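Architecture and fold: a report
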Amino acid sequence: MQANGAGQGQDSELSCLNNSAQNGESSSAGGAHTNVNGLSTTNNGNSVSNNIGIPAASNNTVSSDANSVKKKKRLSQSEEDVIRLIGQHLHDLGLNQTMDLLMQESGCRLEHPSATKFSNHVVEGEWDKAESDLNELKALMHSPSAIVRMKFLLLQQKYLEYLEDAKILEALQVLRAELTPLKYNTERIHILSGYLMCSHAEDLRAKAEWEGKGTASRTKLLDKLQTYLPPSVMLPPRRLQTLLRQAVELQRERCLYHNTKLDSGLDSVSLLLDHACSRKQFPCYTQQILTEHCNEVWFCKFSNDGTKLATGSKDTTVIVWHVNTESHQLKLMKTLEGHAYGVSYLAWSPDDTYLIACGPDDCSELWLWNVQTGELRTKMSQSHEDSLTSVAWNPDGKRFVTGGQRGQFYQCDLDGNLLDSWEGVRVQCLWCLGDARTVLASDTHQRIRGYNFEDLTDRNIVQEDHPIMSFTVSKNGRLALLNVATQGVHLWDLHDRVLVRKYQGVTQGFYTIHSCFGGHNEDFIASGSEDHKVYIWHRRSELPIAELTGHTRTVNCVSWNPVVPGLLASASDDGTVRIWGPAPFLDVQDAEGLNAWTADGDLGAEDTTSRFQENNTRL
C-alpha cells in the first residue's frame, strides 16, 4: 500500500462520526437543525450543503429499514476505508448524488471540510484563500513543517500563471515578497526567476515543462499537495484504481506462466476473476524440429531483433534461420561453411549485421561473417597456440573481445586487428557490460572477474567453489546466470556480489551447457541438461515449472527469442534443434487462462503453484 508521508492514523473526528451520529440518531424532532458529517440538513429533509460542495440527496430516499440496519452494526475501520474509497470513485465518475447518499447512509465523511474547501480553492485558482486554508489544515497534519512545502507549491503555480497572463509585476511581487522569504528550495527559485525572460506563453510552458494555466495543471498541483496530507483528511487521488492496479500486478507477478506484455490499465483485465495463465500458453510444446545439421548441435542463439536464429554444429557449419515472428515458423536462410573446427559458440553483433563463430578448446581462430551477404568479413588467428573459444561484442558494435583456456584474452576491431590484450587470463566465457568499458570473464579459478580495458584494472565479482562452465547476463546488467559443474544453474547479483538462488532439477556435469534468461521482462530462466531435457524456472523460484522432453541426448544450449516471448530454441547432441512454443490449439478455457495441465509427467498447476509460493516464502 502507498504510504502518505504525513502518517497513516485516522482520527475518528475526521472520517466517520461516532455513536449516535454514526448509528443514524443525529436527527431530532421539532425542526431542530443538525449537521451530519459535513452535511447540513433540517428535519424536512432538504439539503443545504455537504462536505465537498455537492448537493446532497434527500433524506426521504433513505428508508427506515436502512436506518434500523445501521443501528445494529458499528462500522469497522476497514469498512469505513472501503466506503470512502467507493465514495471517492463515485465522485470521480460524476455520480455525486449516489456518493452523497452513500456518505449519508453510512455516516462517513469522504474528507475533512477544510480539505474540501482547500481543494476547491486550488482548482478555482483562488490562491489567497487556498493559502489561508493551509492554516486550518496545519492543525490536522502530523508534520506541520510540510506546510512550507505546500505553500511553496501554491506560490509557484500562482507565479507561473501570472507570467502566462503577462502580469510581470505581479509575478515579480510573488517571487520577491512571497516565495523568497520562505527560504525554501532556493535553487528552484533561481530557476523560476529565469522564466521572467520568456518571450511568450508557449516558451514559458516549454521551459517550465508546465501544462499552463487551467484545470490540468491545477489538478496536477492538487495531487502533489495531497501527498502532504494524512489520508484521514484527504484520500490520495484515484486511490481505489491504484489499489486495484496493484492487485492485478501482484497476481501477474505470482502467475507461474504469465509471459505476455499486457496493458497496465484496468480496462484490459477482468476484476471479477483472479489472473491465471494456462501452461498451454507457455513455450512447452515442440512446434518444429530442425534436422539440417548432420552432427551434434553445440550452440544456438536468436538475433537481437528476434528475426533470425543461428545454430552451430560439430559438423563445422553455421546455419542461419529466418524466423517468422507471426507464425513462429523457421526456414533455412543460409549456411556458412569453411570452418576447420566444429562451431561451439556464436555471438550476434548489436545490430545483427555480423555473426562471430568460435570453436572448441583446440580452435585457434574465429570467423566473423556478414549475415546479410553471407560473406566472411574476418578470419582471425593470432597464433596457432591460441584458444579462441569465446567471444563477446562491445555495445558499440565496432569491437569485440575473445579468449580461451590457454591464456589468450584480446580486444579486436572488425578486421581482427589487436587493440588490447590481457596476458595470462584463461577465459572460459565472456560478456561485455553496457558501460562499453567493463568485460566480464569466467576463468579456470572458478570465478568471474571484471576487466576494464581503458584503465587496465580488474576486480573479482563472483567466486564459486566449482568450475563455471558458462554464464550469461540479464539485459539490465544486474544478474548473471551461471552453469556450474556438478552444481547446476546459479543466479548471482553482480551489483551486490551475492548468490541469489540455486535452481534445482538440471543435470550438469563437466559438459559445457548454456542457459538463458527469457520471456516477458526476463521473468524466466531456461537451461539445457545432460539428462536430455530442457528445464524452465520462474526466476523467483528454485523449483522448475516445466521439464521439456523430446531430445534424445544432452541438450547443450537454449535460447529464448528476445522479441517473441513464447518462442524458445534448444540445441542437442542428437543433431536436432527444437523450437518450443505454446500449444498449437487452445480451447476457450485455455484462452481465458484456466489452469489444467499434467501432460508429459509435469506437475499439476495447483501443486506447482503451491510449491512456487512456498519456495518464495522460504527464500
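Residues numbered from 1 in each chain as written. Predicted model: local features only at pLDDT ≥ 70, side-chain atom pairs only at ≥ 80, totals over all residues. Heavy atoms only, no water.

- As annotated in an unreviewed UniProt entry, the chain carries the name WD repeat-containing protein 26 and comes from Salmo salar.

Re the sheet that holds strand β20 (residues 457–463)
- Read from one edge of the open sheet, four strands run β17-β18-β19-β20, paired in antiparallel fashion. Edge strands, defined here as strands with exactly one partner in the open sheet, are β17 (427–432) and β20. Across the sheet, the axes of successive neighbouring strands diverge by a mean angle of 25°, strand direction being ignored.
- The sheet contact formed by strand β18 (residues 438–443) and strand β19 (residues 447–452) spans five bridges and is antiparallel. Bridging across to β19, Ala441 finds its partner in Arg449. (Pairing = 2+ DSSP bridges. Helix = DSSP H or I, 4+ residues; strand = E, 2+ residues; numbered from the N terminus. Axes fitted to C-alpha atoms, helices over the stretch in contact; angles between N-to-C directions.)

Here's the deal with helix α3 (residues 77–92)
- Given a rise of 1.5 Å per residue, 16 residues ought to cover 22 Å, and the 23 Å separating the end C-alpha atoms of α3 matches this to within 8%.
- Looking at α3, one finds that the buried residues are Glu80, Ile83, Arg84, Leu85, Gly87, Gln88 and Leu90.
- In the stretch just after α3, Gly94 is the one whose phi turns positive, near 85°. (Expected span 1.5 Å × (residues − 1). Buried < 20%, exposed > 50% of the residue type's maximum accessible area, 1.4 Å probe, protein only.)

A closer look at the pattern of salt bridges
- One pass over the structure, following the stated rule, counts 22 salt bridges.
- With a closest N to O distance of 2.9 Å, Glu161 and Arg218 form a salt bridge. A residue pair is termed long-range when its members are at least 10 positions apart, and Glu161 in helix α7 (residues 146–164) and Arg218 in helix α11 (residues 215–226) qualify at 57 residues.
- Since its relative accessible area comes to 5%, Glu161 is described here as buried.
- The exposure class of Arg218 is buried, given its relative accessible area of 10%.
- Here Asp165 makes a salt bridge to Lys213, at a shortest N to O gap of 2.9 Å. Here Lys213 lies in the loop between α10 (201–208) and α11 and Asp165 lies in the loop between α7 and α8 (168–179), a separation of 48 residues in the sequence. (Salt bridge = Lys/Arg side-chain N within 4 Å of Asp/Glu carboxyl O.)

Regarding the environment of Val555
- The topology assignment puts Val555 in strand β29 (residues 555–560).
- Sequence separation of Val555 and Thr512 is 43 residues, and the distance between their C-alpha atoms is 9.9 Å.
- Look past the residues within four positions of Val555 in its chain and what remains in contact with it is Ile513, Gly528, Ser529, His532, Lys533, Val534, Ser570, Ala571 and Ser572. (Contact = heavy atoms within 4.5 Å.)

A few points about the state of the cysteines
- Inspection of every chain in the model, using the stated rule, returns zero disulfides.
- Cys557 provides the cysteine sulfur closest to Cys516, a residue in no disulfide bond, and the two sulfurs are 7.5 Å apart. (Disulfide = S-S within 2.5 Å.)

Points about the confidence of the model for the chain
- Across the chain, pLDDT averages 83, with 82% of residues at or above 70.
- Long-range and interchain partners of residues 587–619, a stretch whose pLDDT sits below 50, account for 50 contacts in this model, where long-range means more than four residues apart. (pLDDT = per-residue confidence, 0-100.)

Some remarks on helix α4 (residues 96–106)
- Taken together, the buried positions of α4 are Met99, Asp100, Met103, Gln104 and Ser106.
- Where α4 ends, the next residue or the one after it, Gly107, has phi of about 80°, a positive value.

Observations regarding the pairing of β29
- By the criterion of burial, β29 is predominantly enclosed, with six of the six residues buried.
- With five bridges connecting them, β29 and strand β30 (residues 568–572) associate as antiparallel partners. Opposite Trp560, over in β30, you have Leu568 as the bridge partner.

A short note on the packing of aromatic side chains
- Under the counting rule described, the total for this entry stands at 14 aromatic pairs.
- With a centroid separation of 5.0 Å and an interplanar angle of 75°, the aromatic rings of Trp422 and Tyr451 are classed as edge-to-face. Here Tyr451 lies in strand β19 and Trp422 lies in the loop between β16 (418–421) and β17, a separation of 29 residues in the sequence. The same class applies to Trp422 as to Tyr451, namely buried. (Phe/Tyr/Trp six-rings, centres within 6.5 Å; stacked < 30°, edge-to-face > 60°.)

Structural notes on the UniProt feature "repeat: WD" (unreviewed entry) in the chain
- UniProt tags residues 290–331, 336–367 and 548–580 as "repeat: WD" (unreviewed entry).
- The span residues 336–367 is 0% helical and 38% strand by assignment, and the distance between its end C-alpha atoms comes to 10 Å.
- In residues 548–580, the share of helix is 0% and the share of strand is 48%. The end C-alpha atoms are 9 Å apart. (UniProt positions renumbered as here; feature names shortened; annotations may be inferred.)

A short note on the sheet that holds strand β12 (residues 375–380)
- The four strands lie next to each other as β9-β10-β11-β12, forming an open sheet whose pairing is antiparallel. Of all strands in the sheet, those with a lone pairing partner are β9 (345–348) and β12, marking the two edges. The average angle at which neighbouring strand axes cross in this sheet is 20°, direction not considered.
- Where strand β11 (residues 366–370) and β12 come together, five bridges link them in antiparallel fashion. Within β12, the residue paired with Leu366 across the bridge is Met380.

Some thoughts on unusual backbone geometry
- A positive phi angle, close to 50°, is found at Arg238, a residue other than glycine.
- Inspection of the secondary structure puts Arg238 in the loop between α11 and α12 (239–254).
- Judged by relative accessible area, Arg238 falls into the partly exposed class, the value being 40%.
- Unlike most non-glycine residues, Asn521 shows phi in positive territory, near 65°.
- As for its position among the elements, Asn521 is in the loop between β25 (515–518) and β26 (524–527).

Re the layout of surface pockets
- Of the voids in this model, the largest pocket is the one considered here, and its volume is about 1,200 Å³.
- Lining the largest pocket are 47 residues; nearest its centre among them are Lys301, Asn304, Trp431, Val473 and Lys475.
- Of all the elements in the fold, those that place two or more residues in the lining of the largest pocket are β5 (297–302), β9, β13 (390–393), β17, β21 (468–473), β25 and β29.
- Counted by class, the lining of the largest pocket contains 26 nonpolar, 17 polar and four charged residues. (1 Å grid on protein atoms, 1.4 Å probe; cavity = no way out; pocket = protein on both sides within 12 Å on 5 of 7 lines; lining within 4 Å. Points joined across faces, edges and corners; volume = space filled by probe spheres on them. Nonpolar A, V, L, I, M, F, W, Y, C, P; charged D, E, K, R; others polar.)

Things to note about the nonpolar core
- If you look at the biggest cluster of nonpolar residues, it comprises 58 residues, and the most contacted ones within it are Leu309, Leu355, Phe400 and Leu482.
- The contact partners of Leu482, leaving out residues within four places of it in the chain, are Ile448, Val462, Glu464, Ile468, Ser470, Phe471, Gly488, Val489, His490 and Trp492.
- In this structure, Leu256, Ala526, Ala546 and Val558 belong to the second largest nonpolar core, which totals 21 residues. (Core = buried A, V, L, I, M, F, W, Y, C linked by side-chain atoms within 4.5 Å.)

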